[in-house]
Amino acid sequence: MHYFIGNLGHLFVITSMVASLVSAFAYWKNLNVADPLKQDSWRTNGRVAFYIHGIAVLGIAAILYAIIQQHYFEYHYAYSHSSLHLPGQYMISCFWEGQEGSFLLWMFWQAVIGIILIHTQRAWEAPVMIVFALVQAFLASMILGVVIPFADFKIGSSPFILLRDAMSDPIFKINPDFIPKDGHGLNALLQNYWMVIHPPTLFLGFALTLPPFAFCLAGLWQKKYSEWIKPALPWALVGGAILGLGILMGGYWAYETLSFGGYWNWDPVENAVYVPWIILIAAIHVMMLQKNKGTALKTSIILAITVFILILYSTFLTRSGILGDASVHSFTDLGLSGQLLLYLLFFTISSIGLIIIRWKNIPSDEKESSVYSNEFWIFLGATVLCLMGFQVLMPTSIPVYNKIVELFGSHSNLAPPANQIQFYSKFQLWFAVAIALVSGTAQFFWWNKMDKEKLKKELLTPLLVTLVVFALIIAIAKVYEPTYLILTLCGVYLIISNIKFLTVSLKVNPNLSGGAIAHIGVGLMLIGIMFSAGYSKVVSLNNSGLIVNKEMGTEFNRDNLLLFINETKSMAGYDIEYRSENLELRKKKGFVRKNDIDPTSDPYKVVANKNIVYQNKKLYSAKDTFEVYPENTFYEIEMRRNGKVAATLYPRIQINPAMGGFLASPDIKRNFGRDIYTHVSAMMTRDEEPNWGKTEEVKAKIGQQFFVNDYVAVLEKVERVDNIDGVQLDGEDVAVKAKIKLQGEHEVFYAEPIFLIRNRSEVGRIPSEVNDLGVRITLLNIFPQTNEFLLGTNARQKDWVVIKALEKPYINVLWLGTGVLMIGFGIAAWRRIRA
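What counts as what
- Numbering of residues starts from 1 in each chain and follows the order in which that chain's sequence is written.
- For a predicted model such as this one, the threshold for reporting local features is a pLDDT of at least 70, and the threshold for listing and counting side-chain atom pairs is 80 or more; totals across whole chains, interfaces and linings nevertheless cover every residue.
- Calculation of side-chain values draws on the structure's entire complement of heavy atoms; hydrogens and water are dropped beforehand.
- An automatic or database domain assignment provides the domain bounds reported here.
- Residues count as neighbours in contact if any of their non-hydrogen atoms are within 4.5 Å of one another.
- Here's the idea: put two parts together, see how much 1.4 Å probe accessible area each one loses, and the total over both is what we call buried area.
- Whenever Lys or Arg places a side-chain nitrogen within 4 Å of a carboxyl oxygen from Asp or Glu, that contact is recorded as a salt bridge.
- N or O atoms within 3.5 Å of each other form a polar contact, as long as, within protein, one can give a hydrogen and the other can take it, and as long as residues adjacent in sequence are counted only when both atoms are side-chain atoms.
- Helix numbering and strand numbering both begin at the N terminus, where a helix is a DSSP run of H or I of at least 4 residues and a strand a DSSP run of E of at least 2.
- Charged residues are taken to be Asp, Glu, Lys and Arg, nonpolar residues to be Ala, Val, Leu, Ile, Met, Phe, Trp, Tyr, Cys and Pro, and polar residues to be all remaining types, Gly included.
- The pairing criterion for strands is at least two bridges between them, as found by DSSP.
- Angular values range over 0 to 180 degrees, each being the angle between N-to-C directions of two axes fitted as lines to C-alpha atoms, with helices fitted over their stretch in contact.
- Here the expected span of a helix is defined as 1.5 Å times the quantity of residues minus one.
- Accessibility here uses a 1.4 Å probe with only protein chains present; expressed as a share of the type maximum, an area under 20% marks a residue as buried, one over 50% as exposed, and anything in between as partly exposed.
- Angles below 35 degrees are treated as roughly parallel, those above 145 as roughly antiparallel, those between 65 and 115 as roughly perpendicular, and all remaining angles as oblique.
- Left-handed describes a crossing in which the near helix is turned anticlockwise from the far one by less than a right angle; the clockwise case is right-handed.

A. Spotlight on the domain arrangement of the protein. If you check the domain split of the protein, you get domain 1 (1–191), domain 2 (228–412), domain 3 (417–535 + 810–835), domain 4 (561–684 + 802–808) and domain 5 (696–796). Contacts between the two partners involve 45 residues from domain 2, matched on the other side by 39 residues from domain 3. With both chains or domains summed, domain 2 and domain 3 bury close to 3,400 Å², and 72% of this area falls on carbon and sulfur atoms. Taken together, the connections running from domain 2 to domain 3 amount to zero salt bridges. Our count for the contact surface shared by domain 2 and domain 3 stands at eight residue pairs in polar contact (both at pLDDT 80 or more). Of all the secondary structure elements, the ones that give two or more residues to the side of domain 2 that touches domain 3 are helix 11 (229–257), helix 12 (268–293) and helix 15 (374–396). Residue composition of the side of domain 2 that touches domain 3, grouped by class: 30 nonpolar, 11 polar and four charged.

Structure below.
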């Protein structure tokens with residue numbers, strides 16, 4: 001039992017929390033003493049305390065990762081999230097799979113940002129770091145894991161709790177020092193490279209919403225009502241970019257890993273991150289408006305505070321257990337709901353209280369903005385963004401509303417939307433149209449104030465170009481749905497208008513191009529979303545008339561294709577064929593067919609029964625022992641066009657009772673113009689003995705051809721063997737093995753049935769099965785007088801798989817748009833950082 005490392009980790013947690021509180025107190029004293037020498041002294045104390053806090057956070061992270069990496073399964077966190085056979089690249093994902101690890105990741109990023117602020121914002125250091133230190137103290141309390149005895153109240157959930165203290169298993173009563181040999185392992189859906197980088201990016205985005213919030217509160221506190229905008233704006237821009245990137249990474253992970261056929265499911269957890277990002281984008285625009293034009297100060301204050309409060313609210317939603325079954329990937333409740341609510345209420349009430357106290361003193365706009373002014377259009381865009389977020393927030397919060405009603409002794413029948421995608425999309429689509437129109441038009445007001453005639457002149461060329469490009473798109477892509485026509489038109493308009501602004505800004509000052517590039521990215525995303533979602537179509541249509549599954553509905557039987565192994569069917573211009581079941585290799589890149597290996601007592605090790613070749617490269621020789629990942633089965637689907645292999649797909653299935661039984665992940669054939677997205681809907685299982693057909697007998701001599709279920713077979717030889725499956729035969733036992741070659745659709749297979757005589761009288765027969773062909777051959781008898789052998793052949797239903805394939809047209813336009821958006825954010829952020 002490795003007690004010391006866990007105790008050291010827990011000590012670091014306590015240290016981090018105490019140090020953050022000491023830092024907050026020291027910085028508060030810095031602001032409230034008049035003596036300059038004492039001010040410097042308290043500032044130094046605040047810095048040192050925050051440095052200690054940062055070192056403690058780093059220590060917690062290092063120790064937790066060491067526990068995971070070293071497989072100390074006596075600790076609940078390591079046992080719950082890791083295993084001995086987990087690939088090394090996914091070991092780090094175990095760190096943030098649990099609530100405690102993700103809180104720690106959030107703390108780490110905010111500690112780093114806090115240290116940067118200490119060294120770069122001396123004028124704002126004390127008030128800003130008070131907010132930072134208090135936020136860090138609350139987060140540290142989430143992983144404290146301390147029980148107050150007299151109140152029977154637990155503060156936080158420690159990542160360093162022992163397994164025996166977390167589980168009430170009888171084994172620990174018998175042997176308190178019992179350590180499992182292996183852990184539970186990482187969620188199969190998280191074993192994806194995007195899950196290595198998506199959570200750190202997302203939590204960095206969370207952390208980056210704190211600086212604008214802290215600067216805003218500091219400005220209100222110190223009565224520097226507008227001065228806080230300048231230092232806060234670069235952080236807001238970087239936060240918008242990073243948080244958006246994290247969200248998009250999550251969407252791409254969903255596209256590659258989940259089998260619902262898309263990248264955004266409007267799940268409550270997704271919504272809980274999407275809404276703060278939308279409001280953050282609105283806040284960035286009004287903050288720029290305040291900095292450049294001196295207007296919208298009160299709106300900037302409200303939105304900067306709202307963004308961070310929404311981050312806290314999303315944390316409460318996803319980690320308190322209040323969503324229940326409303327979300328497929330919310331965290332389970334660790335008993336932290338009370339703490340999370342306190343965390344949310346403390347900063348919400350404090351912020352609102354400070355705004356109310358200072359409201360009368362906050363400068364207001366002296367005059368109303370003209371319709372032909374830049375201020376009007378930016379403010380209009382920010383308003384649309386806020387409404388866009390509000391529309392998602394309200395239905396997502398229905399479980400919270402129901403809980404509040406229950407607390408007052410009543411009952412609410414409100415339920416989240418049954419069809420989330422349809423419900424949210426029908427509103428968000430029109431908000432997106434409004435954003436495209438406003439963002440495209442606003443650029444024409446950037447340089448000078450406009451009048452009606454000048455606006456007409458400026459709009460004429462972009463509108464004509466927009467109509468030409470729009471006409472080309474609908475002619476080539478055949479877009480006829482009215483709603484999608486409007487979305488496409490607005491997306492093209494947004495791109496064209498910003499291209500015009502981009503050409504001007506590149507001539508005047510390239511540093512001003514960030515906004516235009518970001519808006520072009522948004523336009524591309526709108527067009528990509530329109531095509532990939534609106535014109536996504538099922539290409540695995542079942543035209544055979546066969547009912548795939550009587551228990552499923554009409555839609556399932558219509559949209560899913562039944563493939564028997566090595567039998568070709570046509571789909572979307574491809575000849576498609578199911579070739580084999582495969583396992584993923586552990587030490588080498590590639591797959592191995594299940595029929596080419598034999599199992600061992602260790603499920604992670606197999607023995608090759610033939611040379612293992614993948615993509616024309618020999619990886620292992622026959623009889624080699626090597627490692628595989630047994631949890632997942634990959635179904636080899638070959639797609640051919642004009643007789644040539646166009647793609648080989650490997651959609652994945654995992655049978656996992658702990659996660660609902662059947663986990664399917666797609667594989668994607670990527671093209672510039674479209675993706676073919678394929679996943680397994682059902683497959684043949686071998687839990688029971690297959691239903692073999694009637695035995696057919698055939699006599700054959702060595703070298704003679706015969707047929708086995710329409711396959712050509714040849715009896716190549718019959719030889720005596722001294723052992724069977726490694727077991728040596730006794731001296732009086734006699735066994736002979738026939739070697740029969742069968743010509744399959746694509747390759748040669750061998751069956752090796754055995755005829756055994758034991759104790760000179762007992763006859764035994766060991767049949768040989770060729771799974772790929774669905775046949776079994778038994779050596780029934782031997783006729784030495786005629787040199788003939790009696791063979792029994794049986795056939796069964798061939799292996800099969802049911803797949804669903806969708807065509808995603810021009811989805812790469814969406815991914816291209818996300819890249820362009822990030823470039824625009826980066827340019828804009830760099831300009832503000834340098835300013």
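B. Here's a closer look at the sheet that holds strand 29 (residues 788–795). Strands sit in the order 18-29-28-27 across an open sheet of four strands; the sheet is antiparallel. Each end of this open sheet is capped by a strand with a single partner; those strands are strand 18 (696–700) and strand 27 (768–770). Ignoring strand direction, the axes of neighbouring strands in this sheet form an average angle of 30°. Pairing geometry for strand 27 and strand 28 (residues 775–783), over three bridges, is antiparallel. Bridging across to strand 28, Glu769 finds its partner in Arg776.

C. Helix 12, seen in detail. Helix length check: helix 12, at 26 residues, gives a terminal C-alpha distance of 37 Å against a target of 38 Å (1.5 Å per residue), a fit within 8%. Two or three places before Val269, at the opening of helix 12, Asp267 has a side-chain oxygen 2.9 Å from that residue's backbone nitrogen. One or two residues past the end of helix 12 sits Gly294, with phi positive at roughly 75°.

D. Structural context of the pattern of salt bridges. Applying the stated rule across the entire model yields 23 salt bridges. For the salt bridge of Glu256 with Arg670, the shortest nitrogen-to-oxygen distance reads 2.8 Å. With a gap of 414 residues between them, Glu256 in helix 11 and Arg670 in strand 16 (residues 667–670) connect regions that are remote in the sequence. Judged by relative accessible area, Glu256 falls into the buried class, the value being 14%. The partly exposed category is assigned to Arg670, whose relative accessible area is 37%. Of the charged contacts, one joins Glu627 and Arg586 as a salt bridge, the two residues approaching to 3.3 Å between their closest N and O atoms. Highlighted residues: Glu627 in strand 12 (residues 625–641) and Arg586 in the loop between strand 6 (574–585) and strand 7 (591–593), separated in sequence by 41 residues. On the basis of relative accessibility, which here comes to 22%, the residue Arg586 falls in the partly exposed class. Each of Glu577, Arg579, Glu638 and Arg640 takes part in salt bridges that share partners, so that together they form one network.

E. The packing of helix 1 (residues 3–32) against helix 2 (residues 36–69), seen in detail. Where helix 1 meets helix 2, the closest approach of the two axes is 7 Å, and the angle between their N-to-C directions is 160°. Judged by the angle between their axes, helix 1 and helix 2 are roughly antiparallel. Here the hand of the crossing between helix 1 and helix 2 comes out left-handed. Of the residues belonging to the contact of helix 1 with helix 2, the class tally is 19 nonpolar, 11 polar and four charged.

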